[in-house]
Amino acid sequence: MAANEFSADFTDVSVHENVPVEGNIRISVPLASEDEDMSTLDEPVKDTIMRDLKAVGKKFVHVLYPKNNDELLRDWDLWGPLIVCVFLAMMLQGKGADSPTHGVPQFAEVFVTVWFGAIVVTFNSHLLGGTISFFQSLCVLGYCIMPLSVSLLLCHVTLLAKGSLPLAMFIVRFICVTLAFAWATFASTTFLGNSQPPNRKALAVYPIFLFYFVISWMIITNVT
Amino acid sequence: MPVLHQSHDRHHARQASHRARDCCGLLVAWYSPIGHIWLPVRRRSGALMADPRGHPNGDWTSFRDPTAQSHQFGSSSIVDMENMDDTSGSSFEDIAEAPGGTTGLGEVGGDEGRTGKPGQDDVVEEDEEFLGIKGLKGQLGKQVAGQVWEAGRQQAARAFSLYANIDLLRPYFDVETVQVRKRLLESFVPRKNMKVPQKLPRELYGPLMLVFTMVAILLQGMKTSGTIVSQGTLMGTAIGTCFGYWLGVSSLLYFLAYICNSKITMVQILSMLGYGMFGPCLVLFITYNIHLHSLFYVLWLVGGGLPTLRMVCALSSRTTGQRQRLVLCCTLASLHLLFLLYLHFAYHRVIEELLVTLEEQPAFIPRQQRELVPPEVATSPASLRIATMSLIRSSPPIL
């Protein structure tokens, strides 16, 4: 090797003739991945959107069947929470009976409540000693609002049947929202539970419970 | 023409011609590549650009080269503030008087500029000093600016890491579930021992969660009272009320404790007051759903009075002097009990009245449809049924 070729003083370091010192310093990568990199840029927008939508959809499915897997945490994204939040805010803003501006504060209120609440819950679990990052926690909390959005849709369906058995309809709505609330809380604790120290799990779950409780309350009382 | 006048005129004319020549020289020096021919004359007699050790071989560098100028000072820094004595470097007269400013005089080849009248020399010196100082000021300015920037950046980074770091709050959230439960239950148990300062927890998790719980309960109470208003106002008002009470009364108590020389910190007051809100939370939760006046008064005394008593005892144990104790305890007790009364009776009524007032000023909020429930109905035993019906009732959606 070239080690024994070195002179004692390093003023004249010579390299053995056999060792090539010139050449391409680029690591030879397989051509396919280079093509892939290029193709992600060149691919049609439809493909990009479909890929992202599929990822979001997969995460929603994970929320519907909450199992203790890491996918929601590993590839976090905030598209799902945004979609859910906007849907919730649009549905909750209500078609105000008399004034066209009745719904304006409600959209902002729901939006701010959801995001501010999620941020507070995230900070709380972070301060209690949680091991997941800020955006991962936001991602999980946002995705787990999905059952509540579904229940909101069902509430609107029952509200369409106006005048017939209002008490029964109210009970149906109440049960629907309660189930969704329980589902959301359970799903988020499944995903976030392992990141907390075991003797503080309840402390981390309580704010999540409160957060979904406020959203559920907004859904139940949305009778317009 | 008098001879004196003539000589005076000639003197002025010579001065003017010298000045003109010097200006041309300056201009040429600035803008021509061979301008350095002029410069040795200027710089040597000038001031700080000259090398104290001299350049025997006449190795003059261009005036426009700032790095060369810095080398002229040898091993010392560009701006050797020790040589400046007490000068701040702001006025060039001071700099000119500094030792570095006059070493250039009398050097080889520098005498050309020295011939002539003193006035001429002054003019020449002024211009040379001006040149030198301008260059030095540029360097000085740059270095100072660089130092100020670096110091400012470091300070900003330190301040940011100190204040914007969420981990600063971590010690106040270092609590176990068992501890929180214990503290919640103990908030109803006043400790009478006032001789020894009672231990107060420095914890913010419990109080923060209790304040948020109170916000949720207030929202729920407003809905069941049958007041259907714009939800934005409700949510903002609820949060504002609860957090305003917690932070505002804590600040007031801390101020009074400071005046009364109490041994208590702000975090301890926040913690104590936060846990003291557990009782009112329970009371409100029950009485917003069961509207009975007598029940409320009993709960007010028990659920509001016991935590207040506990807080009062804790504060008294940490204060010396009867008058100080009286001031602190009366303030705390009155504020805490009145707050509970206020929340129960006046909250939704205040909101309604506030909205009525706001509605009369159409510029501020848009018109909203409101259904006002008369207060007598809200507090009557039948109000529960009415409240439930208001939830069930639904208006036809506008398509």
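An unreviewed UniProt entry annotates chain B as Protein YIPF originating from Eptatretus burgeri. Turning to chain B, the UniProt annotation filed under Function (unreviewed entry) states: "Involved in the maintenance of the Golgi structure. May play a role in hematopoiesis." The heading Sequence similarities (unreviewed entry) in the UniProt record of chain B holds the text "Belongs to the YIP1 family."

If you check an unreviewed UniProt entry, chain A appears there as Protein YIPF from Eptatretus burgeri. Check the Sequence similarities (unreviewed entry) section of the UniProt entry for chain A; it says "Belongs to the YIP1 family."

Asks: Break down the overall build of chain A for me, with residues and values.
Replies: Helix and strand counts for chain A come out as 9 helices and 0 strands. Shown N-terminal to C-terminal, the secondary structure of chain A runs as helices and strands in the order α-α-α-α-α-α-α-α-α. Here chain A holds 224 residues, and the buried ones make up 43% of them. In chain A, the share of contacts with a sequence separation of at least 24, taken over all contacts with a separation of at least 6, comes to 72%. By element, 70% of the accessible surface of chain A is carried by carbon and sulfur atoms, the whole surface being about 12700 Å².

Asks: Would you mind going over the overall build of chain B in detail, with residue names and values included?
Replies: The helix and strand tally for chain B stands at 15 helices and 0 strands. The proportion of buried residues among the 399 residues of chain B is 41%. Within chain B, counting contacts between residues at least 6 apart in sequence, those at least 24 apart form 72% of the total. Just so you have it, chain B exposes about 21700 Å², and 65% of that area is on carbon and sulfur atoms.

Asks: Tell me about the packing of aromatic side chains, and please be specific about residues and values.
Replies: Residues and elements named next belong to chain A. By the definition in use, this model includes 20 aromatic pairs over all chains. With 5.1 Å between their ring centres and 70° between their planes, Phe-60 and Tyr-143 make a pair best called edge-to-face. Highlighted residues: Phe-60 in helix α2 (residues 45-64) and Tyr-143 in helix α6 (residues 134-143), separated in sequence by 83 residues. Both residues of the pair, Phe-60 and Tyr-143, count as buried. Aromatic pair Phe-170 and Phe-174: ring centres 6.2 Å apart, planes at 40°, arrangement tilted.

Asks: Break down helix α12 (residues 293-317) of chain B for me, citing the residues and quoting the values.
Replies: Counted at 1.5 Å a residue, the expected span for α12(B) with its 25 residues is 36 Å, and the 35 Å between its end C-alpha atoms agrees. Of all bends in α12(B), the biggest is about 30°, found at B:Gly305, and the proline B:Pro307 comes one to four residues later.

Asks: Please give an account of the confidence of the model for chain B that cites residues and values.
Replies: Residue and element names in this part refer to chain B. In the predicted model, chain B carries a mean pLDDT of 69, and the fraction of residues at 70 or more is 49%. pLDDT under 50 marks residues 86-98. Its contacts with residues more than four places away, or in other chains, come to 14 contacts. Quick note on the complex model: pTM equals 0.61, ipTM equals 0.76.

Asks: Hey, could you go over the pattern of salt bridges for me, with residue numbers and the actual values?
Replies: Across all of its chains, the model carries 7 salt bridges over all chains by this definition. Notably, a salt bridge pairs B:Lys182 with B:Glu186, separated by 4.0 Å at the nearest N-O pair. Here the residue B:Lys182 and the residue B:Glu186 both occupy positions in helix α7 (residues 177-186), the gap between them amounting to 4 residues, near one helical turn. A residue is classified by how much of its surface remains accessible, and B:Glu186, at 29% relative accessible area, is partly exposed. In the salt-bridge network here, residues are joined through shared partners; they are A:Arg200, B:Asp174 and B:Glu176.

Asks: Residue-level account of helix α4 (residues 79-92) of chain A, with values.
Replies: Residues that lie three or four places apart on an α-helix share one face, since the helix turns once every 3.6 residues. All names here are of chain A. In this model α4 runs 20 Å from its N-terminal to its C-terminal C-alpha over 14 residues, within 8% of the 20 Å that 1.5 Å per residue would give. All buried positions along α4 are accounted for by Gly-80, Pro-81, Val-84, Cys-85, Leu-88, Ala-89 and Leu-92. All buried residues of α4 lie within an arc of 155° about the axis, which places them on one face of the element.

Asks: Residue-level account of the confidence of the model for chain A, with values.
Replies: Across chain A, the average pLDDT comes to 78, with 75% of residues at or above 70. Contacts of residues 100-105 of chain A to residues separated by more than four positions or lying in other chains number 8 contacts, the stretch itself having pLDDT below 50.

Asks: Could you give an account of the nonpolar core, with specific residues and numbers?
Replies: B:Tyr205, B:Met214, B:Trp246 and B:Leu332 are the most contacted members of the largest nonpolar core, which totals 63 residues. The element contributing the most residues to this core is helix α8 (residues 205-224) of chain B, with 13 residues. Core analysis: the second largest hydrophobic core is formed by 41 residues, A:Ala118, A:Leu138, A:Cys139 and A:Tyr143 among them.

Asks: Which residues make up the UniProt feature "transmembrane region" (unreviewed entry) in chain B, and what values go with them?
Replies: Residue and element names in this part refer to chain B. If you check UniProt for "transmembrane region" (unreviewed entry), the listed places come out as residues 204-222, 234-257, 269-288, 294-314 and 326-347 in our numbering. The span residues 234-257 is 100% helix and 0% strand, and its two end C-alpha atoms sit 34 Å from each other. For residues 294-314, helix accounts for 100% and strand for 0%, while the C-alpha atoms at its two ends are 30 Å apart.

Asks: Can you break down the UniProt feature "transmembrane region" (unreviewed entry) in chain A residue by residue, with the values?
Replies: Residue and element names in this part refer to chain A. Following the UniProt record, the feature "transmembrane region" (unreviewed entry) maps to residues 76-94, 106-128, 140-161, 167-191 and 203-220 here. For residues 106-128, the end-to-end C-alpha separation is 32 Å, with 96% helix and 0% strand making up the annotated structure. A helix fraction of 86% and a strand fraction of 0% characterise residues 140-161, whose end C-alpha atoms lie 34 Å from each other.

Asks: Let's hear about a nonpolar patch on the surface: which residues, and what values?
Replies: On the surface, a nonpolar cluster with roughly 490 Å² of combined accessible area is contributed by A:Leu167, A:Ile171, A:Phe174, A:Ile175 and A:Leu179. Within the element layout of this structure, A:Ile175 appears in helix α8 (residues 166-192).

Asks: Got a sec to walk through the packing of helix α7 (residues 146-160) of chain A against helix α9 (residues 201-220) of chain A? Specific residues and values, please.
Replies: What describes two packed helices is the angle between their axes and the distance between those same axes. Residues and elements named next belong to chain A. Here α7 crosses α9 at 15°, and the two axes come no closer than 10 Å. Classified by the angle their axes make, α7 and α9 are roughly parallel. Classified by chirality, the crossing of α9 by α7 is right-handed. In this structure, α7 contributes Leu-148, Ser-151, Leu-152 and Cys-155 to the contact, and α9 contributes Tyr-212, Ile-215, Ser-216 and Ile-219. Looking at the contact of α7 with α9, its residues break down into 6 nonpolar, 2 polar and no charged.

Asks: If you had to explain the environment of B:Arg323 to someone new, which residues and values would you point to?
Replies: Along the chain, the position of B:Arg323 falls in helix α13 (residues 322-359). Along the chain, B:Arg323 and B:Cys260 lie 63 residues apart, while their C-alpha atoms are 8.6 Å from each other.

Asks: Residues and numbers for unusual backbone geometry, please.
Replies: Residue and element names in this part refer to chain B. One non-glycine residue, Asn-261, lies in the positive phi region at around 60°. Within the secondary structure, Asn-261 is located in the loop between α9 (231-259) and α10 (266-275). For Asn-261, a relative accessible area of 58% puts it in the exposed group.

Rules and cut-offs
Residue numbers here run from 1 along each chain, matching the order of that chain's written sequence. Here chains are named by letter from A upward and ligands by number from 1 upward, in the order in which they appear as written. With pLDDT at 70 or above as the cut-off, local features in this predicted model cover only qualifying residues; side-chain atom pairs require 80 or more to be listed or tallied, and sums for whole chains, interfaces and linings still use all residues. Hydrogens are left out, water is left out, and the side-chain values use all remaining heavy atoms of the structure. UniProt positions are given in the numbering used here, feature names are shortened, and annotations may be inferred rather than shown by experiment. Going along the chain from the N terminus, every DSSP run of H or I of four or more residues is numbered as a helix, and every run of E of two or more is numbered as a strand. Between buried and exposed lies partly exposed: a residue is buried under 20% and exposed over 50% of the maximum accessible area for its type, with that area taken using a 1.4 Å probe on protein chains only. Pairs of residues are marked as contacts when any of their non-hydrogen atoms sit within 4.5 Å. Computed by Shrake-Rupley with a 1.4 Å probe, the accessible areas treat only the displayed protein chains as cover when residues are assessed. Only centres within 6.5 Å qualify two rings of Phe, Tyr or Trp (six-membered ring in Trp) as a pair; their planes then separate them into stacked at under 30 degrees, edge-to-face at over 60, and tilted for everything else. Expected helix span is given by 1.5 Å per residue-to-residue step, counting one fewer step than there are residues. A residue's bend is the angle separating two fitted axes: one through the seven residues that end there, the other through the seven that start there. Residue-level confidence of the predictor, termed pLDDT, takes values from 0 up to 100. Within this document, salt bridges are pairs made up of a side-chain nitrogen of Lys or Arg and a carboxyl oxygen of Asp or Glu, the two lying within 4 Å of each other. Regarding the arc, it is the one traced by the directions from the helix axis to the C-beta atoms. In this text, buried Ala, Val, Leu, Ile, Met, Phe, Trp, Tyr and Cys residues form a nonpolar core when linked through side-chain atoms within 4.5 Å. Note on patches: the residues involved have over 30% relative accessible area and no salt bridge, like charges join within 9 Å, and the nonpolar side chains Val, Leu, Ile, Met, Phe, Trp and Tyr join within 5 Å. Angles run from 0 to 180 degrees between N-to-C directions of axes, and those axes are lines fitted to C-alpha atoms, restricted for helices to the stretch in contact. Throughout this description, any angle smaller than 35 degrees is read as roughly parallel, any larger than 145 degrees as roughly antiparallel, any in the 65 to 115 degree range as roughly perpendicular, and the remainder as oblique. Left-handed describes a crossing in which the near helix is turned anticlockwise from the far one by less than a right angle; the clockwise case is right-handed. In this classification, the charged set is Asp, Glu, Lys and Arg, the nonpolar set is Ala, Val, Leu, Ile, Met, Phe, Trp, Tyr, Cys and Pro, and all remaining amino acids, among them Gly, are polar.

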